[in-house]
Amino acid sequence: MMADSSRLCSVWLGSETGILKGVSLGRKQAFNFCNTRQLSRDQEVRALCWADPAQSELLLGSVDGTVRTFSTEKGAFTEARRCGEPAEGCFTGLAALSGSATVTCVECGTLRVWREDSSEPATQLHAGQNVCRMRQSPVHRHKVATGGKDNPLKIWDLQRPESPAFTAKNLRDDWLDLRRPHWVRDMAFIPDSDKVVTCTGYHQVHVFDPASPQRRPVLEVEYGEYPLTALSLPPGGQSVVVGNTHGQIAVLDLRKGAVRGCLKGLAGGVRALQCHSSQPVVASCGLDRFLRVHSLEDRKLLHKVYLKSRLNCVLLASREEAGQTAGEAGSQEVKEEEEDEVWDAMERVEEAPKRKTTTEEEEEEEQEEEEVKKKSKKKKKKKKEAFED
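Along each chain, numbering runs from 1 in the same order as the chain's sequence is written. For this predicted model, a pLDDT threshold of at least 70 governs which residues receive local features, and a threshold of 80 or more governs which side-chain atom pairs are given and counted, while totals over whole chains, interfaces and linings are taken from all residues. Where side-chain values are given, they derive from all heavy atoms of the structure, hydrogens and water being excluded.

## Some remarks on the overall build of the chain
Keep this limit in mind: Numbering of helices and strands starts at the N terminus; helices are DSSP runs of H or I of at least 4 residues and strands are runs of E of at least 2. For the exposure calls, accessible area comes from a 1.4 Å probe over protein chains only, and a residue counts as buried if that area is under 20% of its type's maximum, exposed if over 50%, partly exposed in between. Only heavy atoms matter for contacts: two residues are in contact if any of them lie within 4.5 Å across the pair.
When helices and strands are tallied, the chain shows three helices and 29 strands. Per-residue burial for the chain yields a buried fraction of 47% across its 389 residues. Look at the contacts in the chain between residues 6 or more apart in sequence, and 45% of them connect residues 24 or more apart.

Okay, here's the thing in structure tokens:
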């Protein structure tokens, strides 16, 4: 793949088939950055992050425990290193520290810090079993948050990794004095504060404040009836965008605990969400193999891209493409390179829209039915009279 095409990509996605996909929304093109002849399920991309503030390199965490480095300037993979074993579980988070250090976390709860010049981890800690997500603070890069099933939210200071800086307390018992289960699926650090927002597998959104005396949530909101799988914070941090396993995405107000609105158009479970750092847009991907970009102002669908593979993670570039504005409305078709010739050769069949039945048409149909019934009665009467004669 040419290097100039990788510079144009504004959205990056990792798929189940191990392909790194780049989408240029301005040029309406999508690119596959991988050798499609050597694809394997062991290369499935489960985590994606920027390796540097300039966004010149990407880090990809694969199922086989390797972390690959992709250069957006060269348009090629430049490095691969072993950062875990498949028996430990998939990557639940990747992060980059200053000094070319990488932070990895796997499902079994092992969190490691890797230096560039060493094959052994510089720091290793255990965040508990069944970790579903690890996120890095965008302001304090040395702080990360972890959480999972029956594993409460923990905030770690990697400069002092002996114990977590904050551990959330379990929710209060229900009205039957029974323990309420805990299942953190995703989290994010709220900017300009110490607060952390989480979404759970029990369709809850919680806000924790490590600066407050209580370790329980300072805000609790429920949305829908299905497990929440991903969240992201728009610019400003006054709301949160959440998605669930049934393809529903909603914008929740973190001040009032109310639903601001819903984003429509999805047909499968949401696996990843990301809001742009400065523009009021959010990108989503999931099981229906589409990348969608919605506006957070009027909640319209701006872009819809079919990418052929189930998508696990999405990453937005903060830079703007030439000729691309965030307020551009309307669903745009994006052509993907290496398109199958079969699909190009197929004839497109358009289904005619069904005509809606109006009230007048219904009345005419009723009148016709009555006339048919009257005629049938007259015929029966004539036959009866003829038979009697």
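## Looking at a positive patch on the surface
The criterion, for reference: For patch detection, residues must exceed 30% relative accessible area and be free of salt bridges, and they are connected within 9 Å for like charges or within 5 Å for nonpolar side chains (Val, Leu, Ile, Met, Phe, Trp, Tyr). Every accessible area reported is derived by Shrake-Rupley at a probe size of 1.4 Å, with residue values counting cover from the shown protein chains alone. Salt bridges are identified by distance alone: a Lys or Arg side-chain nitrogen within 4 Å of an Asp or Glu carboxyl oxygen. Counting rule applied: Lys, Arg positive; Asp, Glu negative; His and chain ends not counted. Lysine's charge is taken at NZ, arginine's at CZ, aspartate's at CG and glutamate's at CD.
A cluster of basic residues, K374, K375, K377, K378, K379, K380 and K382, forms a positive patch at the surface. Summarising the element assignment, K374 is placed in helix α3 (residues 359-388).

## Brief notes about the pattern of salt bridges
Using the criterion set out here, one finds ten salt bridges in the structure. Among the ionic pairs, D186 bridges to R135, the shortest N-O distance being 3.0 Å. Note that D186 is positioned in strand β16 (residues 184-189) and R135 in strand β12 (residues 131-136), a separation of 51 residues in sequence. Assessed through its relative accessible area of 0%, D186 is described here as buried. Across the pair R160 and D157 runs a salt bridge, and its minimum N-O distance is 2.9 Å. Assessed through its relative accessible area of 5%, D157 is described here as buried. Within this structure, R133, R135 and D186 form a network of salt bridges that share partners.

## Quick word on the confidence of the model for the chain
To keep things clear, this is the line we draw: Scored from 0 to 100, pLDDT reflects the predictor's confidence in each residue.
Counting all residues, the mean pLDDT for the chain is 84, and 82% of those residues have values of 70 or more. Of all the helices and strands in the chain, helix α2 (residues 341-345) carries the lowest mean pLDDT, 46, while strand β17 (residues 196-200) carries the highest, 97. When the criterion is pLDDT under 50, residues 321-343 qualifies, and its contacts beyond four places in sequence or with other chains add up to 49 contacts. Note that pLDDT drops below 50 for residues 351-358; the model gives that stretch three contacts with residues more than four away or on any other chain.

## Details of the sheet that holds strand β10 (residues 110-114)
Our working rule: Here, any two strands with at least 2 DSSP bridges between them count as paired. In this analysis an axis means a line fitted to C-alpha atoms, helices contributing only their contacting stretch, and an angle means the value between N-to-C directions, from 0 to 180 degrees.
Strand order in the open sheet made by the four strands is β8-β9-β10-β11, with antiparallel pairing throughout. Each edge of the sheet is formed by a strand with only one pairing partner; in this case those strands are β8 (91-97) and β11 (123-126). For this sheet the average axis-to-axis angle between neighbouring strands, irrespective of direction, equals 15 degrees. As paired strands, β8 and strand β9 (residues 101-106) are joined by six bridges and run antiparallel to one another.

## Some thoughts on the pairing of strand β14 (residues 151-157)
By the criterion of burial, β14 is predominantly enclosed, with six of the seven residues buried. The sheet contact formed by strand β13 (residues 143-148) and β14 spans five bridges and is antiparallel. Residue pairing for β14: G148 is matched across the bridge by N151. Joining the antiparallel neighbours β13 and β14 is a turn of two residues, in which D150 adopts a positive phi near 55 degrees.

## Quick look at the packing of aromatic side chains
Each pair of aromatic rings is reported with the distance of its centres and the angle of its planes. Just so we agree on the cut-off: Stacked, tilted and edge-to-face are the three classes applied to pairs of Phe, Tyr and Trp rings, where Trp contributes its six-membered ring and a pair requires centres within 6.5 Å; stacked means planes under 30 degrees apart, edge-to-face means over 60, and tilted covers the rest. Only lysine NZ and arginine CZ atoms are considered, and such an atom sits over a ring when it is within 6 Å of the ring centre and within 35 degrees of the ring normal.
Going through the model one piece at a time under the given rule, you end up with eight aromatic pairs. Consider the rings of F31 and F33, whose centres lie 6.2 Å apart with planes at 45 degrees: the pair is tilted. Here F31 matches F33 in class, with each residue buried. Ring pairing ties together the aromatic residues W12, F31, F33, F70 and F77, which thus form one cluster. Here the basic side chain of K149 rests over the ring of W183, its NZ or CZ set 4.7 Å away from the ring centre. Looking at K304, its charged tip hangs above the ring of F290, at a distance of 4.8 Å from the centre.

## Section: a nonpolar patch on the surface
On the surface, W175, L176 and L178 cluster together into a nonpolar patch covering about 410 Å² of accessible area. Within the secondary structure layout, W175 lies in the loop between β15 (166-167) and β16.

## Considerations on the side chain of S15
Put simply, the rule is: Pairs of N or O atoms within 3.5 Å make up the polar contacts considered here, provided that, within protein, one atom can donate a hydrogen while the other can accept it, and that residues adjacent in sequence are counted only when both atoms are side-chain atoms.
As for its placement among the helices and strands, S15 is situated in strand β1 (residues 11-15). Accessibility expressed as a relative area gives 0% for S15, which makes it buried. A distance of 3.0 Å separates the side chain of S15 from the side chain of T17, its partner in a polar contact. Polar side-chain contacts of S15 include one of 3.1 Å to the backbone oxygen of I19.

## Thoughts on the sheet that holds β15
Sheet strands line up and pair through hydrogen bonds in the backbone, either parallel or antiparallel. If you walk across this open sheet you meet the four strands as β12-β13-β14-β15, and the pairing is antiparallel. Two strands in the sheet have a free side with no partner beyond their single neighbour: β12 and β15.

## Let's talk about the pairing of strand β2 (residues 20-24)
Summarising burial for β2: five of the five residues are buried, a large majority. As paired strands, β1 and β2 are joined by four bridges and run antiparallel to one another. Opposite G14, over in β2, you have L20 as the bridge partner. Here β1 hands over to β2 after four residues, with G18 in that stretch at a positive phi of 90 degrees. Where β2 and strand β3 (residues 29-33) come together, five bridges link them in antiparallel fashion. Across the sheet, K21 pairs through a bridge with N32, a residue of β3. The turn linking β2 back onto β3 is made up of four residues, and K28 within it adopts a positive phi angle of 60 degrees.

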